[in-house]
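Working through the structure, step by step
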Amino acid sequence: MIKRRLNSSNAALLFVVTLIWGGTQAQAHEGKDHAQDPEPNAWEEQERKLVEITADYQLAVAPLIQKACADCHSGDTQYPWYSMMPGISQWIRNDIEEARQHVEFSNGYPFQSHATPLEDLLAVEKVIKEGTMPPLRYRLMHSKARLNEQEKKRIIEWARRGQRMLMDAELARAAKQP
Ligand code: HEC
């Protein structure tokens, strides 16, 4: 499944990367016209970094997110048997709705969220490091979805590397601006 997504959605992924990045940059600049930006190469550099982080994500991290996070943070929920119990189904639906409002992992990185791609990396690192996601109530019921120490490390390393790359690109861009 992961493999298929890699092959079929590369073009779409690039498109999304460009769109999202464009959006966040426009915000950061409060509407400044990028057609007059003196350093278009710096923007391209940032886009290249995002594409690289996305590729790393697909290879090393996507299967872990699918396993531990997708039930709540994607449109791909596998409803558990106990979701049929009275009172529980509404609770689970609310959980999923709230989770998806925060961050949606369905379409890979950059994630769909209200934050920037960099902020999302910081948030993911934080919840994994602190062990707050997946929530305890979920871990108790879904032992197969638990992440072991090695898997956590893999997600954290990916997030940190991505943060460094985006911050470097951002610094390079700022340095080139008049
Ligand atoms: C049982 C459902 C559930 C699962 C599984 C789950 N989450 Fe969440 N997640 C939530 C809910 C609900 C919220 C919003 C409320 C909160 O922050 O507790 C949330 C919020 C978040 C946030 C935003 C936190 C912030 O400070 O803004 C991040 C990032 C996140 N989740 C990442 C993950 C990751 C990564 C995984 C898998 C390792 C995961 N979640 C698994 C339910 C879930």
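Every value quoted in this text rests on a predicted model; they were computed, and no experiment measured them.

A few words now on the site of the ligand. Neighbouring residues of the ligand: 17 residues in total, closest C69, C72, A99, M133 and P134. Contributions of two or more residues to the shell around the ligand are made by α4 (70–73), α5 (88–102) and α6 (117–130). A total of four residues in the shell around the ligand trace back to one element, the largest contributor, which is α5. Here the residues of the shell around the ligand are counted per class, giving twelve nonpolar, two polar and three charged.

What follows concerns the nonpolar core. Counting 24 residues, the largest nonpolar core has Y57 and I155 as the members making the most contacts within it. Every element with two or more residues in this core is listed here: α3 (40–68), α6 and α8 (149–176).

With 77% of its residues at a pLDDT of 70 or more, the protein has an overall mean of 82. Per-residue pLDDT, averaged within each element of the protein, yields its smallest value for helix α1 (residues 2–8) (43) and its largest for α6 (97). Contacts from residues 1–29, a stretch scored under 50 in pLDDT, to residues over four places away or in other chains number 21 contacts.

On to the environment of Y57, then. Examined against the element boundaries, Y57 turns out to sit in helix α3. On the neighbour-count criterion, Y57 (21 C-beta atoms within 10 Å) is buried. In sequence terms Y57 and G162 are 105 residues apart; their C-alpha atoms lie 9.5 Å from each other. Here Y57 is in contact with A62, G108, Y109 and W158, once residues within four sequence places are set aside.

Attention now moves to α6. Each α-helix winds once per 3.6 residues, and so residues spaced three or four apart point in a common direction. End to end, α6 covers 20 Å across 14 residues, agreeing with the expected 20 Å (1.5 Å per residue, within 8%). For α6, the complete set of buried residues consists of P117, D120, L121, V124 and I128. Taken end-on, α6 shows its buried residues confined to a sector of 100°, consistent with a single buried face. Seen from the buried face of α6, the exposed residues on the opposite side, beyond 90 degrees, are K129 and E130. G131 sits one or two positions beyond α6 and adopts a positive phi of about 70°.

What counts, and at which threshold
- Along each chain, residues carry numbers from 1 onward, in the same order as the chain's sequence is written.
- For a predicted model such as this one, the threshold for reporting local features is a pLDDT of at least 70, and the threshold for listing and counting side-chain atom pairs is 80 or more; totals across whole chains, interfaces and linings nevertheless cover every residue.
- Near, for a residue, is defined by distance from a backbone-placed C-beta atom to a molecule or strand, with 6 Å as the limit that must not be exceeded.
- The secondary structure listing takes helices from DSSP runs of H or I that are at least 4 residues long and strands from runs of E that are at least 2 residues long, numbered from the N terminus.
- We call Asp, Glu, Lys and Arg charged. Ala, Val, Leu, Ile, Met, Phe, Trp, Tyr, Cys and Pro are nonpolar, and the rest, Gly among them, are polar.
- By definition, a nonpolar core groups buried Ala, Val, Leu, Ile, Met, Phe, Trp, Tyr and Cys residues that are joined through C-beta atoms within 7 Å.
- Exposure in this text rests on C-beta crowding, where 20 or more other C-beta atoms within 10 Å of a residue's own make it buried, 12 or fewer make it exposed, and counts in between make it partly exposed. The C-beta atoms are placed from the backbone.
- How sure the predictor is of each residue is captured by pLDDT, a score from 0 to 100.
- Residues are defined as contacting one another if the C-beta atoms placed from their backbone atoms lie within 7 Å.
- How far a helix is expected to stretch is found by multiplying one less than its residue total by 1.5 Å.
- The directions from the helix axis to the C-beta atoms are what the arc is built from.

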